[in-house]
Amino acid sequence: MADRFGKMGKRELLREGDQNSKFLHAKATSRRRNNFIQKLKNNDGEWVSWEDDLPTVVTNYFQQVFGYEDVEFGDVLHCLQPRITEEQNVLLMESVTAEEIKKALFQMHPHKSPGPDGMTPGFYQKFWHIVGDDIVNLVRSFFNNGTLPRDLNNTNIVLIPKKKVLELMIDLRPISLCNVIYKIISKVLANRLKLVLPDVISSTQRAFLPGRLISDNIMVSFEIMHYLKRKRVGKDGFMALKLDMSKAYDCVGWAFLEAMMIRMVARGAPRVSHMLFADDSYVYCKTNEDEAAILLQLLQVYQRASGQQAGKEVLLKSVAQALPSSVMSVFLLTKEICSNLEGLISKFWWKSHANSSSKGVSWMSWKRLCRHKYDGGIGFRDLHNYNLAFLGKQGWRLLNNKNSLVSRIYKARYYPLGTYLTASLGPNPSFIWRSFFEAEDLVIAGARKAVGDGTSVNILQVLWLPDQHNPFVISNHPALEGQMVGCLFPVGLRRWDADVVNDLFEERDRQLVLSIQLSDRVERDSWYWNKENSGLYTIKSAYLFLQNSAELEPVAHHGYKQMWQLDIPPKVKHFLWHAISGCLPIKPCMLDVSSVDMGAAVCKTLALGS
């Protein structure tokens, strides 16, 4: 039977593979046909094809986008304060090393689309021992002389459709395919600039920089809107204006960009006048004619300086868009919403294995489906716990990034005398703060203070003892009130004063304190996440902690781990899972396999399939 099943399985797999190959080929051909540009509208709204005037339409569009315009950026530069220090400037201007050039090349994916020279990064990476010296000399020559070989910066432009029905050139997204050597030069420049970008780019811009999250600006903007909607006193009203810089990365004048970079060579709750979301901006001002006029004047100054067309580029919008993951990172979804979403997922899961006209039968609870595969589930996400894990990350960042704009605003508003871990909900809280507050217990469960110099660790109020269940000190000696851990060290030394510890602490606390290893190499106290070996908060570890803390119905193990590790097609594994979980809607599979081993269950299922 096994041989017959193996032959049948091979024939089925070959037949299925052939069908999949034909399907993928047909799909690729269809996609290529749909993506081919056959006609577009010109400036007069007339349809033109390649045989008519379409090449001119494309050429004129890119000439308009990349063409030089007279710009006036004196007013902008006058307001800009230099931020690059002399030391940073010296670092930026150092000669490019061979190591930098090689690093830039090997940072590229080897199979990226080639440019006009037809080469991929993989070619240069594989034959670096042959071409490396030539590449280094060429790149160094560019940085020393500012010149490139004639055709090196030629670029192939691929137009990617933004929507199904194309009408205008703005419906296409241009992708530049550059030569590899050009990419190396760009990558070397980018790697140099990364060192100083955090000092150059305003703290109100939260996109594209390591350590900064765009969700910070969502939080700050939501808090400001919460204030604006509830302001009822005072003569002055306030408003928020959303701006969208159309094609910000294509249309900003090169002369303006160069002047801005040159200008950079030298060095309570905060006031917020604007927020930057990549190429979207929020500007906050009073609702009166004077400030509105100043705002329009600023936009005109920016238009003259950057070379952008204002009527098309500055749009006033009142609709916020966010992906579900972005929503879950800053807002607490109600249990009703989570339940409804989970219900839809569950119905879809079970319906996919039943007649399409039926509603499907839920053979297993959603909580059990959310278990790990090795525990008999499928590994679906419990949305409420997943939501809390996201929110916990924001709480962790409020705890650790005290100098960020969002942390300073929330501290001034909700916990001016404490930290996120000691904060209360407070009067008139925003919905975002309600959401973050809901994750406070999660963060408390895993946040611990690592003792460095001990100057910021309050003995009685901070979670610092290495105890999973109760990290607080339970001793109540009067001498501990208001004291920091540093007072338990001998003067000038980084070790525990055993006599002091023995006098002030009860036996349980005494043993825990003395078990903590101190090091002169750790200068300051810091928070760490005890659910992760790295000590850093991760959504995965927080979610697993919440899942493991939940009270779940016991499930007899039938060897699920061995089943999922079998070297068989995934659809067969799912069939086996349905069978040994008692979830197949046929009578022979309604067997009680709780008393049989995994091998017997697999044999029964395979025999049933044959």
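Before reading on, note that the structure itself is shown above.
Chemist: Mind laying out the overall build of the protein chain, listing which residues take part and the relevant values?
Modeler: When helices and strands are counted, the protein chain shows 27 helices and 9 strands. Burial analysis of the protein chain (610 residues in total) assigns 36% to the buried set. Roughly 37500 Å² of accessible area belongs to the protein chain as shown, and the carbon and sulfur atoms make up 56% of that amount.

Chemist: Describe in detail the nonpolar core, supporting the description with residues and values.
Modeler: Counting residues in hydrophobic clusters, the biggest one holds 61 residues, and the most contacted among them are Tyr410, Tyr420, Trp433, Phe436, Trp464, Trp496 and Phe505. In terms of residues, this core owes the most to one element, helix H18 (residues 383–400), which gives 8 residues. Trp464 has contacts with Lys449, Val451, Val457, Asn458, Ile459, Pro471, Val473, Val485, Leu488, Trp496, Val513 and Ile516, leaving out every residue within four places of it along the chain. Counting residues in hydrophobic clusters, the runner-up holds 18 residues, among them Met108, Ile135, Val139 and Phe142.

Chemist: Pulling in residues and values, what's your account of the packing of aromatic side chains?
Modeler: Applying the stated rule across the entire model yields 20 aromatic pairs. Pairing Tyr61 with Phe62 gives two aromatic rings, centres 5.3 Å apart and planes at 75°, and the pair type is edge-to-face. On the accessibility criterion, Tyr61 (13% relative accessible area) is buried. Of the residues examined, Phe62 reaches a relative accessible area of 14% and is grouped as buried. Geometrically, the ring pair formed by Phe123 and Tyr124 is edge-to-face, given 5.3 Å between the ring centres and 85° between the ring planes.

Chemist: Tell me about the environment of Ser526, residues and numbers included.
Modeler: As for its placement among the helices and strands, Ser526 is situated in strand S9 (residues 526–529). According to the relative accessible area criterion, Ser526 is partly exposed, its value standing at 36%. Between the C-alpha atoms of Ser526 and Ser456, which are 70 residues apart in sequence, the distance is 8.9 Å. In contact with Ser526, other than residues within four places in its own chain, are Arg448, Lys449 and Ala450.

Chemist: I'd love a proper account of a positive patch on the surface, names of residues and values included.
Modeler: Together, Lys229, Arg230, Arg232 and Arg434 make up a positively charged patch on the protein surface. Along the chain, the position of Arg434 falls in helix H20 (residues 431–438).

Chemist: Can you lay out unusual backbone geometry for me, pointing to particular residues and giving the numbers?
Modeler: A negative phi angle is the norm for most residues apart from glycine, just as the trans form is the norm for most peptide bonds. One non-glycine residue with positive phi stands out, namely Asn428, at about 50°. Counting through the fold element by element, Asn428 comes out in the loop between helix H19 (405–414) and H20. Judged by its relative accessible area of 44%, Asn428 is partly exposed.

Chemist: Tell me about helix H5 (residues 98–106), and please be specific about residues and values.
Modeler: Ile101, Ala104 and Leu105 are the residues of H5 that are buried. Buried residues in H5, looked at end-on, bunch into an arc of 100°, giving them a common side. Opposite its buried face, H5 presents the exposed residues Glu99 and Lys103, each directed more than 90 degrees away. In this structure, the buried residues of H5 make contact with helix H6 (121–126), helix H7 (128–145) and helix H8 (180–194).

Chemist: I'd like to hear about H8, residue by residue, with values.
Modeler: With 15 residues, H8 should cover 21 Å at 1.5 Å per step; its first-to-last C-alpha distance of 21 Å lies within 8% of that length. For H8, the set of buried residues is Val180, Ile181, Ile184, Ile185, Val188, Asn191 and Arg192. In a view along the axis of H8, the buried residues occupy a sector of 150°, so they form one face of it. Lining the buried residues of H8 we find helix H4 (86–92), H5, H6, H7 and strand S4 (172–178).

Chemist: I'd like a rundown of the pattern of salt bridges, residues and numbers included.
Modeler: Using the criterion set out here, one finds 7 salt bridges in the structure. Here Asp467 and Arg508 are joined by a salt bridge, their closest N and O atoms 3.2 Å apart. With Asp467 in the loop between strand S8 (447–450) and helix H22 (498–504) and Arg508 in helix H23 (residues 507–515), the pair connects residues that are 41 residues apart, well separated along the chain. When salt bridges with common partners are traced through the structure, they connect Asp467, Arg508 and Asp509 into a single cluster.

Chemist: Kindly report on the packing of H18 against H20, identifying the contributing residues and their values.
Modeler: Here H18 crosses H20 at 95°, and the two axes come no closer than 8 Å. As far as their axial angle goes, H20 and H18 are roughly perpendicular. Contact residues: H18 offers Leu388, Leu391, Gln394 and Leu398, while H20 offers Trp433, Ser435, Phe436 and Glu438. Grouping the constituent residues of the contact of H18 with H20 by class yields 5 nonpolar, 2 polar and 1 charged.

Chemist: How would you explain the side chain of Glu223 if you had to name every residue and give the values?
Modeler: As for its position among the elements, Glu223 is in helix H10 (residues 214–230). No salt bridge is formed by the buried Glu223, whose closest oppositely charged neighbour, Arg413, lies at an N-O distance of 4.4 Å. Within the local environment of Glu223, its side chain forms a polar contact with the side chain of Tyr410, the two groups lying 3.1 Å apart. At a separation of 2.3 Å, a polar atom in the side chain of Glu223 contacts the side chain of Tyr414. Discounting chain neighbours no more than four positions away, the residues touching Glu223 are Tyr410, Arg413, Tyr414 and Ser430.

Chemist: How would you explain the environment of Pro471 if you had to name every residue and give the values?
Modeler: Tracing the chain through its elements places Pro471 in the loop between S8 and H22. Along the backbone, Pro471 and Gly446 are 25 residues apart, and their C-alpha atoms lie at a distance of 9.8 Å. Setting aside residues no more than four positions away along its own chain, Pro471 makes contact with Arg448, Val462, Leu463, Trp464 and Leu465.

Rules used in this analysis
Residues numbered from 1 in each chain as written. Predicted model: local features only at pLDDT ≥ 70, side-chain atom pairs only at ≥ 80, totals over all residues. Heavy atoms only, no water. Helix = DSSP H or I, 4+ residues; strand = E, 2+ residues; numbered from the N terminus. Buried < 20%, exposed > 50% of the residue type's maximum accessible area, 1.4 Å probe, protein only. Areas by Shrake-Rupley, 256 points an atom, 1.4 Å probe, with all protein chains shown as cover. Core = buried A, V, L, I, M, F, W, Y, C linked by side-chain atoms within 4.5 Å. Contact = heavy atoms within 4.5 Å. Phe/Tyr/Trp six-rings, centres within 6.5 Å; stacked < 30°, edge-to-face > 60°. Patch = residues over 30% accessible without salt bridge, like charges linked within 9 Å, V, L, I, M, F, W, Y side chains within 5 Å. Salt bridge = Lys/Arg side-chain N within 4 Å of Asp/Glu carboxyl O. Lys, Arg positive; Asp, Glu negative; His and termini not counted. Charge placed at Lys NZ, Arg CZ, Asp CG, Glu CD. Arc of directions from axis to C-beta. Expected span 1.5 Å × (residues − 1). Axes fitted to C-alpha atoms, helices over the stretch in contact; angles between N-to-C directions. Parallel < 35°, antiparallel > 145°, perpendicular 65-115°, else oblique. Nonpolar A, V, L, I, M, F, W, Y, C, P; charged D, E, K, R; others polar. Polar contact = N/O pair within 3.5 Å; in protein donor to acceptor, adjacent residues only side chain to side chain.

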